[in-house]
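Results of the structural survey
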Amino acid sequence: MLLYDYFRSSAAFRVRIALAIKGISVERRFVHLLKDGGMHKKAEYRERNPQALVPALELDNGVTLTQSLAIIEYLEALQPLPRLAPSDPILAAKARGVALAIACDIHPLGNLRVLSYLRDELQQSEQAIAEWRSRWVQEGLAAVEQLIQPAPFCFGTQPTIADVCLAPQLFYAARFAIPLQAFPKVRAAGAACEAHPAFRAAHPSAQPDAE
Ligand SMILES: N[C@@H](CCC(=O)N[C@@H](CS)C(=O)NCC(=O)O)C(=O)O
């Protein structure tokens, strides 16, 4: 399998964490989001992912999967253990709820294309963009704070899909100095992720394309 990856991409980071937890190794091709106007916007990549977003996972039979959570579901089906969805159906739905709160309702608002639109087309200042970024991350994480039950991961002693989405969102928050003091449970789950070998291996700073 071949992962189209970019070290700083939160969505690609999720897939790298899932791969590391499951011990699945893949080849990688790096798609730089900034160089040359964005390699993800070139026809060669769009053929694989018409959304022009990283990641994508090309399977050995030539089929390409898009969307990090769909890719992770595929990996879970391919190799069920260690599970990323808790076996208890209520906990599974809660973990998925947190994953979706992050992946659907927080992350897209801070994405490169959204911020570029604010900056370049709506002529917003860097200060306005920083406020936008911080506003949606903080509002989203305030809800996540209410939803998780860290022990020490979001829903128990093992990382779930909720942690797989939370850790990259916290990396993003740290990168832009977004304050997290108001979210002690989120910070506790984040600390558990930081100490976990799979999250370390998947971390942007540990990738071959890191800058
Ligand atoms: N919902 C998608 C989000 C993918 C996504 O937004 N990827 C970002 C990097 S984290 C990207 O490629 N951004 C390029 C852009 O905004 O132009 C997923 O989970 O895979």
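Structure shown above.
The following refers to the structure shown. Position numbers for residues start from 1 in each chain and track the written sequence from start to end. Residue-level local features of this predicted model are given only where pLDDT is at least 70; pairs of side-chain atoms are given and counted only at 80 or more, and the full residue set underlies all totals for whole chains, interfaces and linings. Water and hydrogen atoms were dropped before computing side-chain values, which therefore reflect all heavy atoms in the structure.

The helix and strand labels rest on DSSP assignments: H or I over at least four residues marks a helix, E over at least two residues marks a strand, and numbering proceeds from the N terminus. Of regular secondary structure, the protein chain possesses nine helices and four strands. Shown N-terminal to C-terminal, the secondary structure of the protein chain runs as helices and strands in the order β-α-β-α-β-β-α-α-α-α-α-α-α. When we talk radius of gyration, it's over C-alpha atoms, and the globule rule is simply 2.2 Å times the number of residues to the 0.38. Whereas a compact globule of 211 residues would reach a radius of gyration of roughly 17 Å, the protein chain reaches 17 Å, a difference of no more than 12%. Dimensions along the principal axes, computed over C-alpha positions, put the protein chain at roughly 45 × 45 × 25 Å. Each residue's exposure class comes from its accessible area (1.4 Å probe, protein chains only) as a fraction of the maximum for that residue type: buried when under 20%, exposed when over 50%, partly exposed otherwise. The 211 residues of the protein chain split such that 47% are buried. Whether two residues touch is decided by their heavy atoms; if any such pair falls within 4.5 Å, the residues are in contact. Here the contacts in the protein chain between residues at least 6 apart in sequence split such that 67% fall between residues at least 24 apart. Only carbon and sulfur atoms are counted for the fraction: they give 56% of the accessible area of the protein chain, which is about 10400 Å². One finds the centroid of the 22 positive side-chain charges in the protein chain at a distance of 2 Å from the centroid of its 21 negative side-chain charges. Only the protein chains shown count as cover for residues, and the accessible areas themselves come from Shrake-Rupley with a 1.4 Å probe. The sign given to each residue is positive for Lys and Arg and negative for Asp and Glu; His and the chain ends receive no count. Throughout, a charge is located at the NZ atom of Lys, the CZ atom of Arg, the CG atom of Asp or the CD atom of Glu.

For helices, the fitted line uses only the C-alpha atoms of the stretch in contact; every axis is such a line through C-alpha atoms, and the angle between N-to-C directions lies from 0 to 180 degrees. In the contact formed by helix 6 (residues 126-147) and helix 7 (residues 161-175), the axes pass within 11 Å of each other and the chain directions differ by 145°. Our pair here, helix 6 against helix 7, has a crossing hand that is left-handed. In contact with R133, V137, L141 and V144 of helix 6, helix 7 contributes L166, Q169, L170, Y172 and A173. Each residue receives one of three labels: charged for Asp, Glu, Lys and Arg, nonpolar for Ala, Val, Leu, Ile, Met, Phe, Trp, Tyr, Cys and Pro, and polar for the others, Gly being one of them. Class assignment for the residues of the contact of helix 6 with helix 7 results in seven nonpolar, one polar and one charged. Handedness of a helix crossing follows the sense of rotation of the near helix relative to the far helix, less than a right angle counterclockwise being left-handed and clockwise being right-handed.

Geometry only, nothing functional implied.
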